[in-house]
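Here is what each chain is made of, one letter per residue.
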Amino acid sequence: MFSGLSAFPITPVNAAGIDENAFLRLLKRLTRAKVDSLGVLGSTGSYAWFTREQRRRITELAVAHAEGIPVMVSIGAFSTDEVLRLAEDAQQAGASALLLPALAYQGLTQEEVYGLYHDVAHAVSRPICVYDNPRTTHTQFSDALYARIATLPNIASFKIPGVPEPLPAAQQRIAALREQLPAHIRLGISGDQFAATALQAGCDLWYSVCAGLFPYAAKALYEAVKGESSQSAAAQTQRLEPLWALFRKHNGSLRVMAAAAHLLGDTDAVCLPRPLRMLTDADTAEVQRVITELGLT
């Protein structure tokens, strides 16, 4: 479960609610590419805007159509009680792993964050990936908190938000984390623009937004790194820089990937849950240009 390339697709909607057919088209793209795992209902999967029933249904669809690829499902919510209910739903639906961010409306203390993971880790039977995403969750993880959480049962991976550059600084950062974590903990990078550097620095896997729609491009980058071709990895990263630039321009990947999914014919023109809005026509045209120039179709 916690190795290789993990693809995180969007969860498309239409006027009636979850667009199940569109979601299955996205999954088919990923199973055809044989990604190593699927990350369902992550941040790019818009989990925060869906009801418990909708999240359970998406999980059921993902597991049923994953063609043997393991599925990790986000169980993020503001209250621990709701997290536990979502965890039970995901486990009953057959999820292979649980992705848990520490969401905060009121800022959480380090003890409160630890308490969340403690309570969930002792209540579930599936491995947990700790999702460190301070920009979205408004929760800060210290290295000491990483180390405490890592001692809990069922904690299997940390999804880290980025690494410093250049490569020697990234290697120092990953080595410092390794020193504090048990050997079984797998480190995964989630910031796509940092993927090559983080993997070269010692991360075990790539939790990839790009792979959620463009799996072959992501696989090419991943395989270049794992083939220990730093020159090829650098070239693949530089090739995808226009995509990373779109992510930066639009405050993250979600709207860009939603526009791209529509341009590829997988979703309706409006496929994000309200109040989120699709990109403007001009911005969508820029996404189309990048897709065409990079040969991502």
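Computed from a prediction, not measured in an experiment: that's the story for all the values here. Sequence order sets the numbering: in each chain, residues are counted from 1 along the sequence as written. In keeping with the predicted nature of the model, local features appear solely for residues at pLDDT of at least 70, side-chain atom pairs appear and are counted solely at 80 or more, and the whole-chain, interface and lining totals rest on all residues. As a rule here, side-chain values cover all heavy atoms of the structure and leave hydrogens and water aside.

1. Section: empty space enclosed by the protein
Short version of the rule: A 1.4 Å probe that fits but cannot get out identifies a cavity on a 1 Å grid over protein atoms alone, an open set with protein on both sides within 12 Å along at least five of seven lines counts as a pocket, and a residue lines either if it has an atom within 4 Å of a point. Grid points are joined across faces, edges and corners, and a volume is the space filled by probe spheres set on the points. Helix numbering and strand numbering both begin at the N terminus, where a helix is a DSSP run of H or I of at least 4 residues and a strand a DSSP run of E of at least 2. Each residue is assigned to one of three groups, with Ala, Val, Leu, Ile, Met, Phe, Trp, Tyr, Cys and Pro labelled nonpolar, Asp, Glu, Lys and Arg labelled charged, and all others, Gly among them, labelled polar.
Under the criterion given, the structure shown has two cavities of 30 Å³ or more. Size it by volume and the largest cavity reaches roughly 50 Å³. Around the largest cavity sit R55, R56, T59, V73, S74, I75, L86, D89 and A90, which together line it. Secondary structure elements with two or more residues in the lining of the largest cavity: α2 (52–64), β5 (71–74) and α3 (80–93). Taken together, the residues of the lining of the largest cavity sort by class into four nonpolar, two polar and three charged. The volume enclosed by the second largest cavity comes to roughly 30 Å³. The wall of the second largest cavity is formed by F8, P9, I10, L26, T44, V209, G212, L213 and M257.

2. Details of helix α13 (residues 281–294)
Stated precisely, the cut-off is as follows: To estimate the expected span of a helix, count its residues, drop one, and scale the result by 1.5 Å.
Under the 1.5 Å per step criterion, the end-to-end length of α13 is 20 Å for 14 residues, consistent within 8% with the ideal 20 Å. Looking one or two residues past α13, G295 carries a phi angle of roughly 65°, positive in sign.

3. Quick look at the nonpolar core
Generally speaking, nonpolar side chains in soluble globular proteins are found buried as a group. Note the following rule: The definition of a nonpolar core used throughout is a set of buried Ala, Val, Leu, Ile, Met, Phe, Trp, Tyr and Cys residues joined through side-chain atoms within 4.5 Å. Residue burial is assigned from relative accessible area. The probe radius is 1.4 Å, only protein chains are included, and a residue is buried under 20% of its type maximum, exposed over 50%, and partly exposed in between. Only heavy atoms enter the contact rule, under which two residues are in contact if any of them lie within 4.5 Å.
Counting residues in hydrophobic clusters, the biggest one holds 99 residues, and the most contacted among them are Y117, I149, F158, W206 and F214. Not counting residues within four places of it along the chain, the set of residues in contact with W206 comprises G4, L5, S6, I189, D192, A195, L199, A218, L221, Y222 and W244. Formed by 10 residues, the second largest nonpolar core is a distinct cluster that contains F8, A97, L99 and L205.

4. Notes on the pattern of salt bridges
Keep this limit in mind: What makes a salt bridge here is a side-chain nitrogen of Lys or Arg within 4 Å of a carboxyl oxygen of Asp or Glu, nothing more.
Across all of its chains, the model carries 16 salt bridges by this definition. Here E60 ties to R57 by a salt bridge, and the two come within 4.0 Å at their closest N and O atoms. With a gap of three residues between them, E60 and R57 both fall in helix α2, about one helical turn apart. E241 serves as the salt-bridge partner of R248, at 2.3 Å between the closest nitrogen and oxygen. Owing to a relative accessible area of 47%, R248 belongs among the partly exposed residues under this scheme. Under the relative-accessibility criterion, E241 is labelled partly exposed at 26%. Beyond isolated ion pairs, a larger network of salt bridges with shared partners links K249, D283, E286, R289 and E293.

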